[in-house]
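# Architecture at a glance
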Amino acid sequence: MTQTSLGESVVQKELHAQAQNNGVAANITQTQPLWLLAEVTYRCPLHCAFCYNPTDYDKHTQNELTTEQWIQALRDARKMGAIQLGISGGEPLLRDDIEDIVIEARKLGYYSNLITSGVGLTEKRIQAFKEGGLDHIQLSMHDITEEINNFITNTKTFELKKKVAAMIKNHGYPMVLNVVIHRYNIGHIKEILEMAEALGADYVELANTQYYGWSLVNRSQLMPLKEQIDEAERITNEFREKVGNKMKIFFVVPDYFGDRPKKCMNGWGEVFMIVTANGDVLPCHSARVLPNMAFPNVREKGLEYAWKESPAFNKYRGTAWMKGPCVTCPEKMNDLGGCRCQAFLLTGDAEAADPVCSLSPHHHLIEKAIEDSKNPVIANQPIIFRTDKNSKKYVAGDKERIAEFHALP
Ligand code: SF4
Ligand code: SF4
């Protein structure tokens, strides 16, 4: 999964607005799981250094839900009010039943979005998606240079992505490009936007890397300087003015360089529900890193139980779980204390304030991470790519760098 499909991304907000305009989202309330993200597989031919999938994904690759189980999940979520379906992975196109899932999504009235690296998208399949009623295809791009594209994904996919972009456009889809921004491509923002314009992109999301999963493992290697982020934002704003409404450009500011956290997933268990490849139901992509949590699985109990009754979905809903400084903070309803996973991964305490908050007693951890990224001894360590071999090492408890972020007290 690229960083595009995180929570309520800016492009997703845009798609949601479109879904509402199209009449899909009648009578919604904030108590429903409006967004269903189907992470249909953890298999992927790419090995992105910033991949958001869990480092231990190898544990979950053997037991994928069947087509029938996915269709049941779609039906159940729709009954509960879900209107927006993201089909993600891994690379979803490694499954040969995405066409069936798309057809069912259309029948049920979802607004559907395929989130893909492009590998596996053929003329035949895109034609079937069009006929089946898929609304959007969101394609990840990485750079204007073959060298960086191939390096950061650890594959030779540069030419293929350009061909897929053209194919998406030729089939009358709006072109939605996602580009994860990091140290290796942040100097190419203008050229990336020019490439997007030349490809006829309708939407471009410049998603600065957030640090979870594999990107946390590679944090010091990927993190750009604050000055580079400011410059990238300035160039983006200039470009936006130049192209106007022809191409909508979103620049997602990275958490580490703000002083308040985001309202993660728009609130735990508020509007977002993820079903993973093996059927676990999660309120956020990373939730399985949290300690002492048992997540429901669609094979055992349905989505309604997961959403309404499961201890996991109720644990961090609202503000009752909070402690200082969040519990007495006048801003607590704005951000709900930030991200539980980020709090746990960095502090070892899932109930701590998200350390990106400057009021957090752990905020020095963010400052240290920024300093580490400038330290050549740390920042020049080799990248650990998202591969089955590396994931197996993590599952086996390997004590290399891959494990250090998960071994906090
Ligand atoms: S390796 Fe890359 S393409 Fe594959 S799931 Fe991860 S981010 Fe997406
Ligand atoms: S202290 Fe907690 S509630 Fe207040 S701004 Fe920081 S993270 Fe948000």
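Residues numbered from 1 in each chain as written. Chains lettered and ligands numbered in written order. Predicted model: local features only at pLDDT ≥ 70, side-chain atom pairs only at ≥ 80, totals over all residues.

Secondary structure summary: the protein contains 18 helices and 9 strands in total. Expressed as a percentage of the 409 residues in the protein, the buried residues total 48%. The contacts in the protein between residues at least 6 apart in sequence include a share of 74% that link residues at least 24 apart. (Helix = DSSP H or I, 4+ residues; strand = E, 2+ residues; numbered from the N terminus. Buried ≥ 20, exposed ≤ 12 C-beta atoms within 10 Å, placed from the backbone. Contact = placed C-beta atoms within 7 Å.)

Here the focus is the sheet that holds strand β2 (residues 84-88). As summarised here, the arrangement of the 9 strands in space is β7-β6-β5-β4-β3-β2-β1-β8-β9, forming an open sheet in which the pairing is mixed. Each having just a single partner strand, β7 (248-252) and β9 (281-282) make up the two edges of the open sheet. The sheet contact formed by strand β1 (residues 35-39) and β2 spans 5 bridges and is parallel. Counterpart to A38 in the pairing with β2 is I87. (Pairing = 2+ DSSP bridges.)

Moving on, we get to the environment of C326. Topologically, C326 is positioned in the loop between α12 (311-315) and α13 (332-335). A tally of 24 C-beta atoms within 10 Å means that C326 is categorised as buried. Sequence-distant contacts of C326, defined by excluding residues within four places in its chain, comprise K332, G337 and A353.

The next subject is the site of ligand 1. Taken together, 13 residues lie around ligand 1, and C44, L46, C48, C51 and S117 are the ones closest in. Residue composition of the shell around ligand 1, by class: 5 nonpolar, 6 polar and 2 charged. (Near = placed C-beta within 6 Å. Nonpolar A, V, L, I, M, F, W, Y, C, P; charged D, E, K, R; others polar.)

This part is about the UniProt feature "binding site: [4Fe-4S] cluster" (unreviewed entry) in the protein. Summarizing the sequence annotation, UniProt attributes the feature "binding site: [4Fe-4S] cluster" (unreviewed entry) to C44, C48 and C51 in the numbering used throughout. Topologically, C44 is positioned in the loop between β1 and α2 (67-79). Setting aside its immediate chain neighbours within four residues, C44 contacts G89, G90 and E91. With respect to the helices, strands and loops of the structure, C48 is situated in the loop between β1 and α2. (UniProt positions renumbered as here; feature names shortened; annotations may be inferred.)

Glancing now at the environment of E194. Assignment of secondary structure puts E194 in helix α7 (residues 189-198). Between the C-alpha atom of E194 and that of F239, which follows or precedes it by 45 residues, the distance is 8.8 Å.

To continue, consider α2. A rise of 1.5 Å per residue sets the reference length of α2, with its 13 residues, at 18 Å; its end C-alpha atoms lie 19 Å apart and thus fit the reference within 8%. Here α2 has its buried residues at W70, A73, L74 and A77. An end-on view of α2 places all buried positions within 100° of arc, on one side of the element. Opposite the buried face of α2, at more than 90 degrees from it, the exposed residues are E68 and K79. Those residues of α2 hidden inside the fold are in contact with β1, β2, α3 (98-108), β8 (272-275) and α11 (303-309). G81 sits one or two residues past α2 and shows a positive phi near 115°. (Expected span 1.5 Å × (residues − 1). Arc of directions from axis to C-beta.)

This paragraph deals with the nonpolar core. L36, L177, V179, V204 and M273 are the most contacted members of the largest nonpolar core, which totals 110 residues. Counting residues per element, this core draws most heavily on strand β5 (residues 175-181), at 6 residues. When residues no more than four places from it in sequence are discounted, the contact partners of L36 are A77, A82, L85, M273 and V275. (Core = buried A, V, L, I, M, F, W, Y, C linked by C-beta atoms within 7 Å.)

Turning our eyes to something else, we now look at unusual backbone geometry. Residue G90 is bonded to the preceding G89 through a cis peptide linkage, with omega at 15°. With respect to the secondary-structure elements, G90 resides in the loop between β2 and α3. With an omega of 0°, the peptide bond between G324 and P325 qualifies as cis. Among the secondary structure elements, P325 is positioned in the loop between α12 and α13. The backbone of N266 sits at a positive phi, close to 60°, despite the residue not being glycine. The residue N266 is located in the loop between β7 and β8 in this model. Even without being glycine, L336 reaches a positive phi, approximately 50°.

Moving on: helix α14 (residues 340-347). When you tally the buried positions in α14, you get 7 out of 8 residues, the bulk of the element. Elements that come into contact with the buried residues of α14 comprise α8 (213-217) and α15 (363-374). G348 sits one or two positions beyond α14 and adopts a positive phi of about 85°.

Once that is clear, we can look at the packing of α7 against helix α10 (residues 226-243). In the contact formed by α7 and α10, the axes pass within 9 Å of each other and the chain directions differ by 30°. Between α7 and α10, the angle falls in the class roughly parallel. At the point where α7 passes α10, the crossing takes the right-handed sense. On α10, the residues that touch I189, K190, L193 and E197 of α7 are A232, I235, T236, F239 and V243. Across the contact of α7 with α10, the residue classes break down as 6 nonpolar, 1 polar and 2 charged. (Axes fitted to C-alpha atoms, helices over the stretch in contact; angles between N-to-C directions. Parallel < 35°, antiparallel > 145°, perpendicular 65-115°, else oblique. Left-handed = near helix turned anticlockwise from the far one by under 90°.)

On to the packing of α3 against helix α4 (residues 123-132), then. At a minimum axis separation of 8 Å, α3 and α4 run at an interaxial angle of 15°. In terms of axis orientation, α3 runs roughly parallel to α4. Seen along the crossing, α3 lies across α4 with a hand that is right-handed. Here E99, V102, I103 and R106 of α3 come into contact with α4, specifically with A128, F129 and G132. A breakdown of the residues in the contact of α3 with α4 according to their chemical character gives 4 nonpolar, 1 polar and 2 charged.

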